[in-house]
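Letter by letter, the chains look like this.
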Amino acid sequence: MLVTERLKAARKECKLTQQQVADILHIDRSTYAYYELGTTTPSVDKLIMLAALFKTDVSWLLGDDIPKNVWRSPENDISLKMQIKEKRITELSKDERKLIGLFRVAAKNGNAKELLNILSETAGKTNDEK
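No experiment lies behind these values; they were computed from the predicted model shown. (Residues numbered from 1 in each chain as written. Predicted model: local features only at pLDDT ≥ 70, side-chain atom pairs only at ≥ 80, totals over all residues. Heavy atoms only, no water.)

(A) Examining the confidence of the model for the protein chain more closely. Of the residues in the protein chain, 74% reach a pLDDT of 70 or more, and the chain-wide mean stands at 77. Mean pLDDT values for the elements of the protein chain range from 49 in helix H6 (residues 80-90) up to 95 in helix H3 (residues 29-37). Note on residues 68-81: pLDDT under 50 across the span, and 20 contacts to partners over four residues away in sequence or across chains. (pLDDT = per-residue confidence, 0-100. Helix = DSSP H or I, 4+ residues; strand = E, 2+ residues; numbered from the N terminus. Contact = heavy atoms within 4.5 Å.)

(B) Focus on the pattern of salt bridges. Tallied over the entire structure, the rule returns 1 salt bridge. Measuring nitrogen to oxygen at the nearest pair gives 2.5 Å for the salt bridge that ties Arg11 to Glu36. Residue Arg11 is located in helix H1 (residues 3-13), and its partner Glu36 is located in helix H3; the two are separated by 25 residues in the primary sequence. No difference in accessibility class separates Arg11 from Glu36, as the two residues are buried. (Salt bridge = Lys/Arg side-chain N within 4 Å of Asp/Glu carboxyl O. Buried < 20%, exposed > 50% of the residue type's maximum accessible area, 1.4 Å probe, protein only.)

(C) Region of the structure containing helix H4 (residues 44-53). The element H4 is extensively covered by neighbouring structure, given that 8 of its 10 residues are classed as buried. Burial in H4 covers these residues: Lys46, Leu47, Ile48, Met49, Leu50, Ala51, Ala52 and Leu53. Of the residues flanking the end of H4, it is Lys55, one or two places downstream, whose phi is positive at about 55 degrees.

(D) Layout of the nonpolar core. If you look at the biggest cluster of nonpolar residues, it comprises 19 residues, and the most contacted ones within it are Leu7, Val21, Leu25, Tyr32, Leu50, Phe54 and Leu61. Every element with two or more residues in this core is listed here: H1, helix H2 (18-25), H3, H4 and helix H5 (58-61). When residues of this core are assigned to their parent elements, the largest contribution, 5 residues, is made by H4. (Core = buried A, V, L, I, M, F, W, Y, C linked by side-chain atoms within 4.5 Å.)

Now the structure itself:
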């Protein structure tokens, strides 16, 4: 299944309109529609946000054949809590969003603790020690 088909299927499973998804991503509805049509491809940060929104992972959105039951749709339309969460991630800098995305991948692979240890050690060093 193509990325375009997966985006559309996940959105419909979550009972969301293109406009609702676009609002959460802070993009125009037409931009999101182009994602579903395959005219344009979402950036890495948008893919991460879409995966979180659709309660799946980026790998599935990109075409990995993981079982569909790995992700689940919200019971109703998107909740206010999810909207707030998604808006907060867009307030982060590009590097902060990338770091969160990398952390999620590391956590999925069972390496979250190692990554946190490395970051803690690095944060504790002064510029002279780096």
